[in-house]
Amino acid sequence: MFTLAEVASLNDIQPTYRILKPWWDVFMDYLAVVMLMVAIFAGTMQLTKDQVVCLPVLPSPVSSKAHTPPGNADVTTDIPKIEAATDQDGQAISDISIGTPAVTPDVPLRVTYPHTDPTVPSQEAKKEKRDPTGRKTNLDFQQYVFINQMCYHLALPWYSKYFPYLALIHTIILMVSSNFWFKYPKTCSKVEHFVSILGKCFESPWTTKALSETACEDSEENKQRITGAQTLPKHVSTSSDEGSPSASTPMIQKTGFKFSAEKPVIEVPSMTILDKKDGEQAKALFEKVRKFRAHVEDSDLIYKLYVVQTVIKTAKFIFILCYTANFVNAISFEHVCKPKVEHLTGYEVFECTHNMAYMLKKLLISYISIICVYGFICLYTLFWLFRIPLKEYSFEKVREESSFSDIPDVKNDFAFLLHMVDQYDQLYSKRFGVFLSEVSENKLREISLNHEWTFEKLRQHVSRNAQDKQELHLFMLSGVPDAVFDLTDLDVLKLELIPEAKIPAKISQMTNLQELHLCHCPAKVEQTAFSFLRDHLRCLHVKFTDVAEIPAWVYLLKNLRELYLIGNLNSENNKMIGLESLRELRHLKILHVKSNLTKVPSNITDVAPHLTKLVIHNDGTKLLVLNSLKKMMNVAELELQNCELERIPHAIFSLSNLQELDLKSNSIRTIEEIISFQHLKRLTCLKLWHNKIVTIPPSITHVKNLESLYFSNNKLESLPVAVCSLQKLRCLDVSYNNISMIPIEIGLLQNLQHLHITGNKVDVLPKQLFKCVKLRTLNLGQNCITSLPDKIGQLSQLTQLELKGNCLDRLPAQLGQCRMLKKSGLVVEDHLFDTLPLEVKEALNQDTNVPFVNGI
């Protein structure tokens, strides 16, 4: 046998699951326990006391009266006395006191007229006549036992015998149906995960802090309403369980304020301090909730399973009620049994009694009553399931009562679980909603961030850049720490990969801040912060993936001097993604665009009147349309790098104020158009390096104002004499070409200060080269030079000399005459340096106060 506790365990669930048990499920669980007790009680009674007692049905006795002969009035008819005995089990045993033969059904009892004994008093005869008499049977004990057992199975209705077992089976099925969704593996795992997360969210200190902060924020907004309570009756107080303000309700009803007409008293909810451990746990909870939502919202299995088990319970209730009601009247105390064993007992019909009939009938009526209540609750559950869409859950009320207006609505199994929790306690879903809000998560990140990045830690990360400015670089943080804005002496602030960056009004303290970098960081600014940036910011770098990431306030910085844009400005179908208007950038001088442009953006013309430098760095995309350049009349510096240009664009020849042109890393092969540069009277620097130029045309002589000429990393095979006619030339770079000879006319460049011929095939240095006495830099490395002329000593201003990678076997002692040259500026093999005289080496090793000058 099994105990009640063992069967009741089928109805047990984990205590933590009880938050998913609405009142009707709990009530049905109790009803199931009562039904279980009824079934077990009935079964126990039936096993221990259930039995029937049967007696044979005898023919009606013949009441023949004895006729007294005439004249013999004293003779009376006397019925023999029959004593009925019963055995110890209560079965009837016949005992004929007068020794008459056993009575058979066919033969009635014979009446004996005893002779009147004159010695027996007449009163005794009358007394014997009045004693109760029974009817004898001819059955023995074993026959009664046999008949009782036969009639138990034949005479009793089957429901009287199996009611306890049926009730037990039905109850077990109902118990299993009620809790199957807690046991089924595919739903049990989700339910367990949900309950675990829900409990942690409910108990998390961050939930309390977030809701109390909301209350405190709104208390400031409603301060006037509270002080206006003097017009109300005295000692009026209102409170709320939730502590979250509603947009339509005064703050006094949401934050536990108590006040009287005499003196308003505000009880502000205490602000909890979130330590680092609690903060980390809360951040982990946000991540768990996000993943759980993504996992559960795409399925409605839990909802369907709950509906199915409710339908099964309802159908079970209808089935039980239908067939049970028909058998209530079948349970009775008396039964007629015809076992067809006349050949064994001599009797055909037996009258039987069922001693448990009344008890079973009462238990059955009780069971039916409980089942009816159970069934009505099942019907109510079905009504609730289909009355509202349980696969959708709205946090509208929570959004109204709190500052977290971004809490999203959920659907499918996630929504159904929240509806079930609401039946237990709506406070659970409200606290759970805090962890669905991005605003709440951002607040948590902000608090954790400020705990981690203190002023002292940020000060340690401040460094000095190449321009000797104080710079702070923040990378991949959840936000911008508040302590950053206490670094009032900071010059440069770099924010990289900080998607939730916010610039508060405190930035106005950073009076030295003039340069800001936003790398994949669409920062949001407050109005006061924007006013400060608009007036003080001079240089802004914005790196983005999509043009939409560029903050709108960038286009309104009227005092901005330099703007660097790095990102994708061209769509897949080669249509330009337009920038917003730049006309508000009235003081912009430098615009640097590193992208994949196919044409110069037309918006650039908005800043044409005051733009002095335009840089376009492409990623190898061919720049086809440059007509907009014609409007850049005031541009002094123009860089078009890596734009796949094959010739010098004609639009450039219209830029009359152009002073420096850089066409680095293109595909230019010929530069016959260079003669047109003669119209650009201010052009002083021409950079055509990293192209495919083979020759320099003689027409370059017409560009007389050139001071710097860069042809490095091309395919030049000679250095034309025409270059030597550029009398103003101060820097000439023809490194990494195929030049084998330097023309003797090189000596005409009397203003030449920097000459770079590294990586060519030069084997002889003309003596005329050393007439360029203003040379400061002479790079001759990686050539085929076999000797260095003694006239090298004429270059008294030389500070850098590169000779490494040649075929030299010694260095001339005249190097000692180059007073400005020191060992740090001499790039040569060590064994060649050792060939110099000792006094020359000592002179080169001496320090000098003359600064190193590099004009590249």
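Residues numbered from 1 in each chain as written. Predicted model: local features only at pLDDT ≥ 70, side-chain atom pairs only at ≥ 80, totals over all residues. Heavy atoms only, no water.

- Going by the annotation in an unreviewed UniProt entry, the name recorded for the chain is Volume-regulated anion channel subunit LRRC8D, with Echinops telfairi given as the source organism.
- The UniProt entry for the chain carries this comment under Subcellular location (unreviewed entry): "Cell membrane".
- Note on the chain: under the UniProt heading Sequence similarities (unreviewed entry), the record states "Belongs to the LRRC8 family." (UniProt positions renumbered as here; feature names shortened; annotations may be inferred.)

**Observations concerning the nonpolar core**
Moving on, step 1. Within the largest apolar cluster, 131 residues are counted, with the highest numbers of intra-cluster contacts made by Leu640 and Phe677.
Moving on, step 2. Take this core: its biggest share by element is 4 residues, from helix H18 (residues 527–536).
Moving on, step 3. Residues in contact with Phe677, not counting those within four places in the same chain, are Ile648, Ile652, Phe653, Leu661, Leu683, Leu686 and Val703. (Core = buried A, V, L, I, M, F, W, Y, C linked by side-chain atoms within 4.5 Å. Buried < 20%, exposed > 50% of the residue type's maximum accessible area, 1.4 Å probe, protein only. Helix = DSSP H or I, 4+ residues; strand = E, 2+ residues; numbered from the N terminus. Contact = heavy atoms within 4.5 Å.)

**Remarks on the sheet that holds strand E1 (residues 52–56)**
For sheets, the rule is that strands pair by backbone hydrogen bonds, running either parallel or antiparallel.
Moving on, step 1. The strand order across the open sheet built from 3 strands is E1-E7-E6, with neighbouring strands paired in antiparallel fashion. Among the strands making up the open sheet, the edge pair consists of E1 and strand E6 (334–337). Direction aside, the axes of adjacent strands within the sheet are offset by 25° on average.
Moving on, step 2. Taken together, the 5 bridges between E1 and strand E7 (residues 350–354) define a ladder with antiparallel strand orientation. Each bridged residue has a counterpart across the sheet, and for Pro56 the counterpart in E7 is Phe350. (Pairing = 2+ DSSP bridges. Axes fitted to C-alpha atoms, helices over the stretch in contact; angles between N-to-C directions.)

**Things to note about the pattern of salt bridges**
If the charged atoms of two oppositely charged side chains come close together, the side chains can form a pair.
Moving on, step 1. For the structure on display, the rule yields 17 salt bridges.
Moving on, step 2. A salt bridge links Lys457 to Glu452, with the nearest nitrogen and oxygen atoms 3.7 Å apart.
Moving on, step 3. Here Lys457 falls in the partly exposed class, since its relative accessible area comes to 25%.
Moving on, step 4. With a closest N to O distance of 3.6 Å, Arg534 and Asp535 form a salt bridge.
Moving on, step 5. Overall, Asp535 belongs to the partly exposed group, its relative accessible area being 30%.
Moving on, step 6. It is possible to trace a salt-bridge network through shared partners that takes in Asp300, Lys304 and Lys391. (Salt bridge = Lys/Arg side-chain N within 4 Å of Asp/Glu carboxyl O.)

**As for the packing of helix H6 (residues 185–203) against helix H15 (residues 426–434)**
Moving on, step 1. Between H6 and H15, the shortest axis-to-axis distance is 9 Å and the interhelical angle comes to 80°. Classed by the angle they form, the pair H6 and H15 counts as roughly perpendicular. Contacts between H6 and H15 pair Phe194, Ile197, Leu198, Cys201 and Phe202 from the former with Leu427, Tyr428, Arg431 and Phe432 from the latter.
Moving on, step 2. Its residues placed into classes, the contact of H6 with H15 shows 8 nonpolar, no polar and 1 charged. (Parallel < 35°, antiparallel > 145°, perpendicular 65-115°, else oblique. Nonpolar A, V, L, I, M, F, W, Y, C, P; charged D, E, K, R; others polar.)

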